[in-house]
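Below, each chain spelled out in residue letters.
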Amino acid sequence: MATTNEAYAATAQDAATGQRLIDRYRAVRAHSLGRAAPLSAEDAQAQSMPDASPAKWHLAHVTWFFETFLLSPGLSGYEAFDPDFGFLFNSYYEAVGPRHPRPARGLITRPGLERVLAYRAHVDAAMERLLSGGNSAETAFLVELGLAHEEQHQELMLMDVQHLFAQSAIKPTYGPGFEPKAAGALEWVDLDGGRVAIGATPDRFAFDNEGPRHETLLAPYRLASRLVTNGEWIAFIDAGGYERAEFWLADGWARVRDESWCAPLYWQRGADGWSVFGLNGLQPVDPDAPAMHVSYYEADAYATWAGKRLPTEAEWEHAAASRPEAFDQLYDAAWQWTASAYLGYPGFAPAKGAVGEYNGKFMMGQMTLRGGASITPACHSRATYRNFFYPHQRWMFSSVRLAQDAGAQSQTDDPAEAFRRDVWQGLARTPKAMAPKWFYDAKGSALFEAITELQEYYPTRTETALLTRIAPEIAARIPPDAVLIEYGSGASAKTRLLLDAAPQLAAYAPIDISVSALEGAAASIRRDYPKLVVEPLARDFTVGGPPPAVAAARPRVGFFPGSTIGNFDPEEGVRLLAEARALIGDGGLFILGADLVKEPAVLTAAYDDAAGVTAAFNKNLLVRINRELGADFDLAAFDHKAVWNAVDSRIEMHLVSRARQSVHVAGRAFEFDASESLHTENSYKFTVEDVTGMARRAGWRLLERWIAPPPAFAVFLFGA
C-alpha cells in the first residue's frame, strides 16, 4: 500500500501546506462517515464471509492507521485511545504486532459502533493538533498514504455491505447513486504499441506497486471502447457459456461445477427474466449497463467465447494514458480484469518499514485489475493504479474490457455471428432497438437508393446539388497523389463528383459493411476511372480499424456524405469522428455532410413516403433476419412508423407490433406486446454549431462550410 517514491515526499512538503492537508484529511474522514451513515449498528457489525469485513471494522482500522503510524510516534504526549484496539484493528502488519483473525472480525461485538465513532473523533482531534504544528515531508507523505488507504476502505465498505445485504431474504437497499452508466456503441480503438513507458512517475503520490516506471514492448493491438454489457453477457449465457468446458481454464471450470455458477454474482433468473441485486436493491438487469461482479475465470471464458482476449495491464495503461478520450468507463463503472498476474515490476522493492508490507507480500496467485468503479472515491483512480484479487473472487465491482491483436478482426469476427449477436441483444433490450447498419444487405442498399429518388426525400437531392456546386472548391484543397477514404460508401454515387473535380486523387478506398453493395460500386468505379487505384474495405466503419494499405505514404481525405453521422447520437458521433481523425492522421482532410434542422412536416414526409418505399426498407431488416437467422417475423404483423422527436432533435424509425406475439430468432423466443416498438433508426438533425462542436471535440478544425438553400443541408470541410 506504500510508495517508495522519495521524490514525492519532498514535493509534498512544498505543495501540501498544513491547511491543505487538514482540509483533505477532514474531507476524506467525513466521506467515510457519510458512507456508513445509512447503516444501522447491526448492519455495521455483521460479516457475511471471510473475505469481507464489517463496516465497523473498516471505520476503526483506517483510524488505527493514523494512530499507529502518525500519532503514536509523531505527536508528543499522545495517549492511545484503547490499548486493545491495536490487536483488534490491525490488518496484515506483522511488524506492528499480532492481530485478530480476519475471518472472525464479525465476532468483535465489543467495542460497539458508538465507541468506534468516539475512537475516530479522538484520533481526528489529535491529527488536527499534529497537522497544525508544521509537518515534515515524511509526515505529509504518511498522511497522504493514510488518506489513500482510507479511500480504498471506503470502496471495500460498500463491496462488503452489498454482499451482506444480498444474504438477506428481504434484500434491503443501501441507497441509489452508485449504478454505473451505460456507454455508447462498441468501437475498437487501434493502438500502435511499440516501446512504451509504464508505471508511476516520481512527481506525484502512488502506491509502491505502481513503480518503478519502466519501458516495455507492446505489439500493435486493439482495445474495446467500453465494457462488455449485460445484454452481451446474456448472449454468452444463452449460448451455453457456463455449460461448455471449452471456454474455461481448468481451475475456472472446476469453480463453475463446484459452486454452480450460471451467471454473474448477484444475478437471479425469474419469470420476467434476469434481475440483479445491487446497492439500490433488486432490479431488472439493464442490458446496456456493464456486466459486473464476474471473476477472472468468467472474464477469460467470455473473451474466449467472443473470439477476443483480455488486455495485459501494460496494454490497458498505455491505452488509458495515451488515448483516454477514445474510451468510456475507464474509471467510473467497474474495475477491469487484465491478463496479467499481480507481480512486481522490474526493480520493485517494497517501502521500508511496516507500511511496506501491504502490496509486496501479496504478489502471488492474484490477477491485476485496472481502472476504477462507480463506488471508487472521486480522484482516487489513475492510469497507473494496480488493483488485485484472486481469480475466483466476484464480490468486488469487476468487469471486462476486451482486446484483440491488431489485424485480428478479419480472422475472428464472423459477420454472421456478429449479426446474430446484435439481433439477440437488440431484441432483449428494453425498449427493443437495432443498429441501422444491418439495413444494408443488397436488397436494403437497393431500396435506399430508391428512397433517394423519391420526391419527399430531399437529403440526397439537396446534398448532391450542393456538392456539384462546391466540388471544385473542395478539390482545390486536395493535395496530389491523395487517397479518398469514404465511410459507408453504398453505391458511391456522390463520390464521382469529387473524382471528376479532383483528378489528382490517386486512390479510392470505400468502406462499407455490405459486401455485395461494395463490390458492385468498386467495379463500377474501376470501369469508369481506370487510372484510379480502388481498394474497397468490407468492414464496419463504426468499430474503427487500420487504414487501408493503399493509404500508406499518401495524403488522406475522408468523405462521409449523406448525413449518416445523424444515425449516431451526439456522443457516438464524437467517437466516430475521433476514430476518423486517428485514421486520417495529421494533415488530412475530412468532408462531412449533415442534414440541418427544419420543419417537422418536411422531416416526417421524408421518412414516411406515400409510395411506401421507406416502409419496405424498414421491414427489409425483418426479411434479412428471417433469411439469415431462421427467424419467423410476420411482416404483416408490423407497421412502419416515423416520428419527429423534438426533444432530441431526431427523426425516429420504428417497426410497431400490431398485436401481442412471440417471435423466434436463431433458437430464442422474444415477446412483443401490442403496440410495442422495435426502434430501428435515428436520424439526428443538426445546427451548424452542433456539427462544428462535435468535430472540435474529436480533434478536427473547421476549414470551410457550405449550406444549401431550404430544405437546408450542409457540407463541412475539416482539417486535422
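Structure: see above.
Rules behind the numbers
Residues numbered from 1 in each chain as written. Predicted model: local features only at pLDDT ≥ 70, side-chain atom pairs only at ≥ 80, totals over all residues. Heavy atoms only, no water. Salt bridge = Lys/Arg side-chain N within 4 Å of Asp/Glu carboxyl O. Helix = DSSP H or I, 4+ residues; strand = E, 2+ residues; numbered from the N terminus. Buried < 20%, exposed > 50% of the residue type's maximum accessible area, 1.4 Å probe, protein only. Pairing = 2+ DSSP bridges. Axes fitted to C-alpha atoms, helices over the stretch in contact; angles between N-to-C directions. Contact = heavy atoms within 4.5 Å. Polar contact = N/O pair within 3.5 Å; in protein donor to acceptor, adjacent residues only side chain to side chain.

**Some points on the pattern of salt bridges**
Phase 1: For the coordinates displayed, the defined rule picks out 43 salt bridges.
Phase 2: Where Arg496 meets Asp528, a salt bridge forms, and the shortest distance between an N and an O atom there is 2.7 Å. Residue Arg496 is found in helix H17 (residues 495-501), and its partner Asp528 is found in helix H18 (residues 515-528); the two are separated by 32 residues along the sequence.
Phase 3: A relative accessible area of 23% means that Arg496 is categorised as partly exposed.
Phase 4: Since its relative accessible area comes to 38%, Asp528 is described here as partly exposed.

**A closer look at the sheet that holds strand S6 (residues 273-278)**
Strand pairing in a sheet relies on backbone hydrogen bonds. The paired strands run either parallel or antiparallel.
Phase 1: The strand order across the open sheet formed by three strands is S5-S6-S7, and the pairing between neighbours is antiparallel. Either end of the sheet is taken by a strand with one partner, and the two such strands are strand S5 (267-270) and strand S7 (281-284). Each neighbouring strand pair of the sheet contributes to a mean axis angle of 30°, computed without reference to strand direction.
Phase 2: One ladder, built from four bridges, connects S6 with S7; its direction is antiparallel. Bridge pairing in S7 places Phe277 opposite Leu282.

**As for the sheet that holds strand S4 (residues 221-224)**
Phase 1: Ordered by their spatial adjacency, three strands build an open sheet running S1-S4-S12, and the pairing between neighbours is antiparallel. Looking at the sheet topology across the chains shown, the edges are occupied by strand S1 (188-191) and strand S12 (403-405). Adjacent strand axes in the sheet meet at a mean angle of 25°, parallel and antiparallel pairs treated alike.
Phase 2: As defined by bridge partners, S4 adjoins S12 across three bridges and the pair is classed as antiparallel. What sits directly across from Arg222, in S12, is Gln404.
Phase 3: Running over the sheet, helix H11 (residues 313-322) touches S1 and S4 and is turned about 75° from S4.

**What about the pairing of strand S26 (residues 713-719)?**
Phase 1: For S26, the tally of buried residues reaches seven of seven residues, placing the bulk of the element in the interior.
Phase 2: A two-sided burial pattern is seen for S26, the buried positions comprising Phe713, Val715, Leu717 and Gly719 on one face and Ala714, Phe716 and Phe718 on the other.
Phase 3: Alignment of strand S25 (residues 701-707) against S26, held across six bridges, turns out to be antiparallel. Its bridge partner being in S26, Glu704 is matched across the sheet by Leu717.
Phase 4: Hairpin remark: S25 followed by S26, antiparallel, with five residues in the connecting loop.

**Structural notes on the side chain of Arg29**
Phase 1: Following the sequence through the fold, Arg29 ends up in helix H2 (residues 18-36).
Phase 2: Owing to a relative accessible area of 2%, Arg29 belongs among the buried residues under this scheme.
Phase 3: Within the local environment of Arg29, its side chain forms a polar contact with the side chain of Glu150, the two groups lying 3.0 Å apart.
Phase 4: The residues contacting Arg29, other than those within four sequence positions of it, are Val62, Thr63, Phe66, Arg120, Asp124 and Glu150.

**A look at the side chain of Lys432**
Phase 1: For Lys432, the position within the fold is in strand S13 (residues 432-433).
Phase 2: Residue Lys432 is classed as buried on the basis of its relative accessible area, which comes to 6%.
Phase 3: Polar contacts involving the side chain of Lys432 include one to the side chain of Glu676, which spans 2.7 Å.
Phase 4: Contacts of Lys432, omitting those with residues within four sequence positions, involve Gly426, Leu427, Glu671, Phe672, Glu676, Ser677, Leu678 and His679.

Without other data, these values stay purely geometric and don't point to any function.
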